[in-house]
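Reading the structure
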Amino acid sequence: MFSVFIREFLLPLLFFPFLRSLLRGVFSRFRSPLSRPGNSATPPPLHTGGVLHKDPVCGVYIPSETAIAQTFGGQTVYFCSPKCRDQYRASQ
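My aim in this report is to walk through the structure given alongside it, one point at a time. Throughout, residues of each chain are indexed from 1 in the direction in which the sequence is written. With the structure being a predicted model, the display of local features is reserved for residues of pLDDT at least 70 and the display and counting of side-chain atom pairs for 80 or more, all residues being used for whole-chain, interface and lining totals. With hydrogens and water set aside, each side-chain value is computed from the structure's full complement of heavy atoms.

What to know about the overall build of the chain
Only DSSP runs of H or I with at least four residues qualify as helices, and only runs of E with at least two residues qualify as strands; both kinds are numbered from the N terminus onward. Within the chain, the secondary structure is distributed over two helices and four strands. When the helices and strands of the chain are placed in sequence order, the string is α-β-β-β-β-α. Buried, partly exposed and exposed residues are distinguished by accessible area as a fraction of the type maximum, computed with a 1.4 Å probe on protein chains only: under 20%, between the cut-offs, and over 50%, respectively. When burial is assessed residue by residue, the chain has 13% of its 92 residues classed as buried. Here, two residues are considered to be in contact whenever any of their heavy atoms come within 4.5 Å of each other. Look at the contacts in the chain between residues 6 or more apart in sequence, and 17% of them connect residues 24 or more apart. Per-residue and other accessible areas were derived by the Shrake-Rupley procedure at a 1.4 Å probe size, with only the shown protein chains allowed to occlude residues. Summed over all atoms, the accessible surface of the chain reaches about 7,700 Å², with 64% contributed by carbon and sulfur.

What to know about the pairing of strand β4 (residues 75–79)
In this structure, strand β3 (residues 68–72) lies alongside β4, joined through five bridges in antiparallel fashion. Bridge pairing in β4 links A69 to Y78. For two strands to count as paired, DSSP must find a minimum of two bridges between them. Between the antiparallel neighbours β3 and β4 lie two residues, among them G73 with a positive phi of about 60 degrees.

Observations regarding the packing of aromatic side chains
Pairing of aromatic side chains requires ring centres within 6.5 Å, counting the rings of Phe and Tyr and the six-membered ring of Trp. Pairs whose planes differ by under 30 degrees are stacked, by over 60 edge-to-face, and all others tilted. Evaluated as defined, the whole model comprises four aromatic pairs. Judged by centre distance (5.7 Å) and plane angle (65 degrees), the ring pair of F15 and F16 falls under edge-to-face. Assessed through its relative accessible area of 52%, F16 is described here as exposed. When the centroid spacing of 6.2 Å and the interplanar angle of 90 degrees are considered together, the rings of F72 and F79 count as edge-to-face. Per residue, the accessibility class of F72 equals that of F79, and both read buried. One aromatic cluster in this structure is built from F72, F79 and Y88.

If you want it as structure tokens, here you go:
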């Protein structure tokens, strides 16, 4: 009687959560990162105005509000990061 209960009720009850967990692990790599629970990543905000300047080192366009400005020989040059600024300074 007890063995029938285990075989008919308890084993399927334990098997389906295990199978669900296994399949979720296999198929989770095919989902996009934004659809995963707990991931609240949002795309960066779009630049909606102002002047854009091209970084002479990496070629990225940067808004003047967030750019790192440095004057070289009387001309202001805009950089996206301190790394690009230092690289430009070393090449001068």
